[in-house]
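Structural features, examined
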Amino acid sequence: MRGILLREIGGRPELADLSEPAEIPPRTALLRIEAAGLCYRDLLVALGKFPRARTPLVLGHEFSGRVVRVGDGVEGVREGELVTGLPHTICGSCEFCLTARENLCLNKKWYGEEAQGVFADYALVDASTLVRVPDGVPPSGAAISSCVVGMLINAIRDVGRARAGEVVVVTGAGGGVGIHAVQVAKALGCRVIGVTRTEEKAEVVRKAGADSVVVGSAFAEEVKRAHGGADLVLEAVGEPTMAESIRSLKWAGRLVLVGNVTAGTFPLPLGVVILKGLSVLGSVGSTVRTMREALEMMAKGSVKPVVREIRLEEHEEAFTSLREGRAVGRFVFRTAT
């Protein structure tokens, strides 16, 4: 089978011939991968920003695929079914798994980092988080239902406590996370301001439903002038935009951090956070529940996947575009047609 392989940390991912998995461990399913989303995390893994990664490593953690075979102890999953799942394994027994917060599992192993990933024709995945893809959701949409749309439902609604009518700022609004954050926030009844770097991306953000778009790195004053500030900032960029994001918040505003493209640090202005009563919150991943909700939203059309389907052979162009900030929406590898 083919797969996108990282032979050494800091090296260039390459398309390689790999051995198809021969044995299926308990609680595991072998999938014929239909679609796999390219996340900025994949780029950071290749660059060595995640120290638990071990090479040689098949990259990728966002997937949909058809069940080929299952290991012992697997129930509720049928061969031939189109499924998707969380981007990591879960233990099923820690305090977070037992309270349906699988995204915080203490013993999880991320695909494409601590376990072999899904940028391949076939992949082994934890069967306990798999859900059937409903009619009307294409494989490329299903692939981003957990790490993108489900993650955003968790971040904006559950962690950020967004309410209808509130003003939500989305940074990196033209990217794979941001363009779907705009749609999730709109589906929750919020007024959305998208922040992006180019006019080309701004037009896509408007089409995704943003009420207004700010082009450029300075956006706090515009947000305060137009709305008196933001109730919530969905921070998908991280360190480069954090200062403006915090400045854009109303008193008692909330900032939910879901990405950090530089993997750098930021000097938090503690006085501002204290005196304005701000909340700065981290949010990671999706639960099985929010992944199911994401699939339902896509099936109903309230969230429309913004993806560019590509072949595994086009991985170099995709990684370069992602690194240079040129990607609009999500690149999704289609390994089966």
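The structure contained in this document is the topic of the report that follows. (Residues numbered from 1 in each chain as written. Predicted model: local features only at pLDDT ≥ 70, side-chain atom pairs only at ≥ 80, totals over all residues. Heavy atoms only, no water.)

1. Here's the deal with the overall build of the protein
Within the protein, the regular secondary structure consists of ten helices and 16 strands. The C-alpha atoms of the protein give a radius of gyration of 19 Å, which matches the 20 Å a tight globule of 337 residues would have. Principal-axis analysis of the C-alpha atoms gives the protein an extent of 60 × 40 × 35 Å. Within the span of the protein, comprising 337 residues, buried residues form 54% of the whole. In the protein, the share of contacts with a sequence separation of at least 24, taken over all contacts with a separation of at least 6, comes to 69%. Accessible surface computed for the protein: about 14,300 Å², of which carbon and sulfur atoms make up 51%. Where the 41 positive side-chain charges of the protein centre and where its 39 negative ones centre are 5 Å apart. (Helix = DSSP H or I, 4+ residues; strand = E, 2+ residues; numbered from the N terminus. Rg over C-alpha atoms; globule rule 2.2 N^0.38 Å. Buried < 20%, exposed > 50% of the residue type's maximum accessible area, 1.4 Å probe, protein only. Contact = heavy atoms within 4.5 Å. Areas by Shrake-Rupley, 256 points an atom, 1.4 Å probe, with all protein chains shown as cover. Lys, Arg positive; Asp, Glu negative; His and termini not counted. Charge placed at Lys NZ, Arg CZ, Asp CG, Glu CD.)

2. Focus on unusual backbone geometry
In this structure, the amide linkage connecting T55 to the following residue, P56, adopts the cis form with an omega of 0°. The topology assignment puts P56 in the loop between α1 (40–46) and β4 (57–58). Phi at A100 is positive, roughly 60°, even though this residue is not glycine. Among the structural elements, A100 can be located in the loop between β6 (82–84) and β7 (122–126). Classification of A100 as partly exposed rests on a relative accessible area of 45%. A positive phi angle is found at A252, which is not glycine, with a value near 65°. With respect to the helices and strands, A252 occurs in strand β13 (residues 249–257).

3. Side note on the pattern of salt bridges
Taken as a whole, this structure holds 30 salt bridges when the rule is applied. Among the ionic pairs, R254 bridges to E166, the shortest N-O distance being 2.9 Å. With R254 in strand β13 and E166 in the loop between α3 (145–159) and β9 (167–170), the pair connects residues that are 88 residues apart, well separated along the chain. The exposure class assigned to E166 is buried, which follows from its relative accessible area of 7%. Note that E309 is salt-bridged to R334, the shortest N-O span being 3.5 Å. With E309 in strand β15 (residues 307–310) and R334 in strand β16 (residues 330–334), this pair connects stretches of sequence that are 25 residues apart. (Salt bridge = Lys/Arg side-chain N within 4 Å of Asp/Glu carboxyl O.)

4. Here's the deal with the environment of W251
As for its position among the elements, W251 is in strand β13. In sequence terms W251 and L295 are 44 residues apart; their C-alpha atoms lie 35 Å from each other. Those residues in contact with W251 that sit more than four places away from it in its chain are L275 and K276.

5. So, the pairing of strand β10 (residues 191–196)
Of all six residues making up β10, five are buried, and the element is well covered by its neighbours. Bridge count between β9 and β10: four bridges; the pairing is parallel. Paired with V169 across the bridge in β10 is I193. For the segment spanning β9, helix α4 (residues 178–187) and β10, crossover handedness is right-handed. Looking at chain direction, β10 and strand β11 (residues 212–215) are connected through four bridges and run parallel. Looking at β11, one finds that V195 is bridged to V214. This β-α-β element, β10 to helix α5 (residues 199–207) to β11, shows right-handed connectivity. (Pairing = 2+ DSSP bridges. Right-handed = clockwise from strand over helix to strand, strands pointing away.)

6. Thoughts on the packing of aromatic side chains
Considering all chains together, one arrives at two aromatic pairs under this definition. The interplanar angle of 75° and the centroid separation of 6.0 Å between the aromatic rings of F63 and Y111 together place this pair among those described as edge-to-face. Of the two residues, F63 sits in strand β5 (residues 62–70) while Y111 sits in the loop between β6 and β7, which places them 48 residues apart along the sequence. Accessibility classification places F63 together with Y111 in one group, the buried group. On the numbers, 4.9 Å between centres and 70° between planes, the contact of F119 with F333 is edge-to-face. Linking F119 in the loop between β6 and β7 with F333 in strand β16, this pair joins segments that are 214 residues apart in sequence. When its relative accessible area of 0% is taken as the criterion, F119 is described as buried. Given the relative accessible area of 0%, F333 is considered buried. Here R32 stacks its cationic end above the ring of Y122, 5.3 Å away from the centre of that ring. (Phe/Tyr/Trp six-rings, centres within 6.5 Å; stacked < 30°, edge-to-face > 60°. Lys NZ or Arg CZ within 6 Å of the ring centre and 35° of its normal.)

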